[in-house]
Amino acid sequence: MEHPCLRCGACCAYFRVAFHWSEAEPFLGGVVPAELTEKLDPHRLAMRGTNAAAPRCTALQGTVGEAAHCGIYPQRPSVCREVAPSWEFGAVSPQCDKARRAHGLPVLTPQDWLDPSTSGTPPLPQSA
Ligand code: SF4
Ligand code: SF4
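Residues numbered from 1 in each chain as written. Chains lettered and ligands numbered in written order. Predicted model: local features only at pLDDT ≥ 70, side-chain atom pairs only at ≥ 80, totals over all residues. Heavy atoms only, no water.

- As annotated in an unreviewed UniProt entry, the protein is YkgJ family cysteine cluster protein from Rhodanobacter caeni.

And the structure:
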């Protein structure tokens, strides 16, 4: 059984993914690829594609709800690391549920984590 995030990607195509500009500044230790970002305001960048009426992060690969993954997973912004899928760690994730519902997907339940092969796998991240 695959990690549920790898059959989803909804949060990467729902939220505006905004973060401090320093996360894309190598001189300051930033790792987010600057070419995949756009300036949001004097303090923040956004992942390209997410500051739109129908957001979809430019780094998201695949098809939402079928097979999707982050193309820059080790370099994703901090906000993407903060969104946990519902019930992976024993609690509902409002952001996960909201994004999945918006894409017509059922929210995750504790049963989605019963397969031991899915535990400990990092989630596909999410947003601001
Ligand atoms: S955190 Fe939730 S919405 Fe985001 S990819 Fe995983 S299952 Fe989908
Ligand atoms: S996890 Fe990756 S694909 Fe998803 S919003 Fe963040 S950078 Fe984009």
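1. A short note on the pairing of strand S3 (residues 44–47)
At step 1: Direction of pairing for strand S1 (residues 18–20) relative to S3: antiparallel, over a ladder of 3 bridges. Bridge pairing links Phe19 to Leu45 in S3.
At step 2: Two strands pair when backbone bridges link them, and strand S2 (residues 37–39) and S3 are joined in this way by 3 bridges, in the antiparallel orientation. Residue Thr37 lies in a different strand from S3, and its bridge partner there is Met47.
At step 3: Hairpin connection of S2 to S3: 4 residues between the antiparallel strands. (Pairing = 2+ DSSP bridges. Helix = DSSP H or I, 4+ residues; strand = E, 2+ residues; numbered from the N terminus.)

2. Concerning the site of ligand 1
At step 1: Taken together, the neighbourhood of ligand 1 is formed by 10 residues, with Cys5, Cys8, Gly9, Cys11 and Cys96 sitting nearest.
At step 2: The residue inventory of the shell around ligand 1, partitioned by class, reads 8 nonpolar, 1 polar and 1 charged. (Near = heavy atom within 4 Å. Nonpolar A, V, L, I, M, F, W, Y, C, P; charged D, E, K, R; others polar.)

3. Describing the pairing of strand S4 (residues 60–63)
At step 1: One ladder, built from 4 bridges, connects S4 with strand S5 (residues 67–70); its direction is antiparallel. From the neighbouring strand, Gln61 faces S5, where its bridge partner is His69.
At step 2: The hairpin formed by S4 and S5 contains 3 residues between the paired strands, and Gly65 there has a positive phi angle of roughly 85°.

4. Considerations on the sheet that holds S2
At step 1: Spatially, the 3 strands line up as an open sheet ordered S1-S3-S2, and their pairing is antiparallel. The sheet is open, and its two edges are formed by S1 and S2, each paired on a single side. The mean inter-strand angle of the sheet, taken between neighbouring strand axes irrespective of direction, is 40°. (Axes fitted to C-alpha atoms, helices over the stretch in contact; angles between N-to-C directions.)

5. Considerations on the side chain of His3
At step 1: Tracing the sequence through the fold places His3 in the segment before S1.
At step 2: Side-chain polar atoms of His3 contact the backbone nitrogen of Cys5, separated by 3.0 Å.
At step 3: Among the polar contacts made by the side chain of His3, one reaches the side chain of Glu88 at a distance of 3.3 Å. (Polar contact = N/O pair within 3.5 Å; in protein donor to acceptor, adjacent residues only side chain to side chain.)

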